[in-house]
Amino acid sequence: MSVDAKTVKRIGRLARIRIEEDEVGRYQEELNAILGFVEQLGEVDVSGVEPMTSVTPMQLRRRDDVVTDGGYPDRVVANAPLTEDNFFMVPKVVE
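Quick look at the structure, then. (Residues numbered from 1 in each chain as written. Predicted model: local features only at pLDDT ≥ 70, side-chain atom pairs only at ≥ 80, totals over all residues. Heavy atoms only, no water.)

Brief notes about the overall build of the chain
Spelled out, the test is: Labels follow the DSSP assignment, with helices taken as runs of H or I lasting at least four residues and strands as runs of E lasting at least two, numbered in each case from the N terminus. Note that the radius of gyration is over C-alpha atoms, with the globule rule given as 2.2 Å times the number of residues to the power 0.38. Burial classes: relative accessible area under 20% of the type maximum marks a residue as buried, over 50% as exposed, and values in between as partly exposed (1.4 Å probe, protein chains only). Computed by Shrake-Rupley with a 1.4 Å probe, the accessible areas treat only the displayed protein chains as cover when residues are assessed. Charge counting follows a simple rule: Lys and Arg are positive, Asp and Glu are negative, and His as well as the terminal groups are ignored. The atom standing in for a charge is NZ when the residue is Lys, CZ when it is Arg, CG when it is Asp and CD when it is Glu.
Helix and strand content of the chain: three helices and two strands. The linear arrangement of helices and strands in the chain, starting from the amino end, is α-α-α-β-β. Taken over the C-alpha trace, the chain has a radius of gyration of 24 Å; the compact-globule value for 95 residues is 12 Å, which it surpasses by more than 25%. With the C-alpha coordinates aligned to their principal axes, the bounding extent of the chain is approximately 55 × 50 × 20 Å. Taking all 95 residues of the chain together, 6% fall into the buried category. Just so you have it, the chain exposes about 9500 Å², and 55% of that area is on carbon and sulfur atoms. Treating the 12 positive side-chain charges of the chain as one cloud and the 18 negative ones as another, the clouds have centres 4 Å apart.

In structure tokens form, the structure reads like this:
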């Protein structure tokens, strides 16, 4: 997989990063190097390798998933600048 200049500019726009025209080539090389490394990882034979969640053998602690109301909604919203009926009130950010 290869990244072209148009894709570099689009990635910059999506990440809200200003990329000057003279920087596009450098970013293109860096992204292609990263993608090349990821493609190399795909070639590694991992058959017979068990998936792991940690580098040390351990058992994850589990608890029953029980829905509760918390029992103290007034304490939960105590530090909020604005609340109503034990709900956080926030300013509208989307028109």
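Some thoughts on the packing of aromatic side chains
Test applied: In summary, the pairing rule links any two rings of Phe, Tyr or Trp, Trp by its six-membered ring, whose centres are within 6.5 Å, and it sorts them by plane angle into stacked for under 30 degrees, edge-to-face for over 60 and tilted for everything else. Geometrically, a charge over a ring is one whose NZ (Lys) or CZ (Arg) sits within 6 Å of the ring centre while staying within 35 degrees of the ring normal.
Taken as a whole and judged by the stated rule, the model has zero aromatic pairs. If you follow Arg26 out to its NZ or CZ, it ends over the ring of Tyr27, 4.9 Å from the centre.

Some points on the pattern of salt bridges
Applicable threshold: Only one rule defines a salt bridge in this text: a Lys or Arg side-chain nitrogen within 4 Å of an Asp or Glu carboxyl oxygen.
What the rule picks out here adds up to three salt bridges. A salt bridge links Lys9 to Glu21; the shortest N-O distance between them is 3.0 Å. Of the two residues, Lys9 is situated in helix H1 (residues 5–14) and Glu21 in the loop between H1 and helix H2 (24–42); the sequence distance between them amounts to 12 residues. We classify Lys9 as partly exposed; its relative accessible area is 39%.

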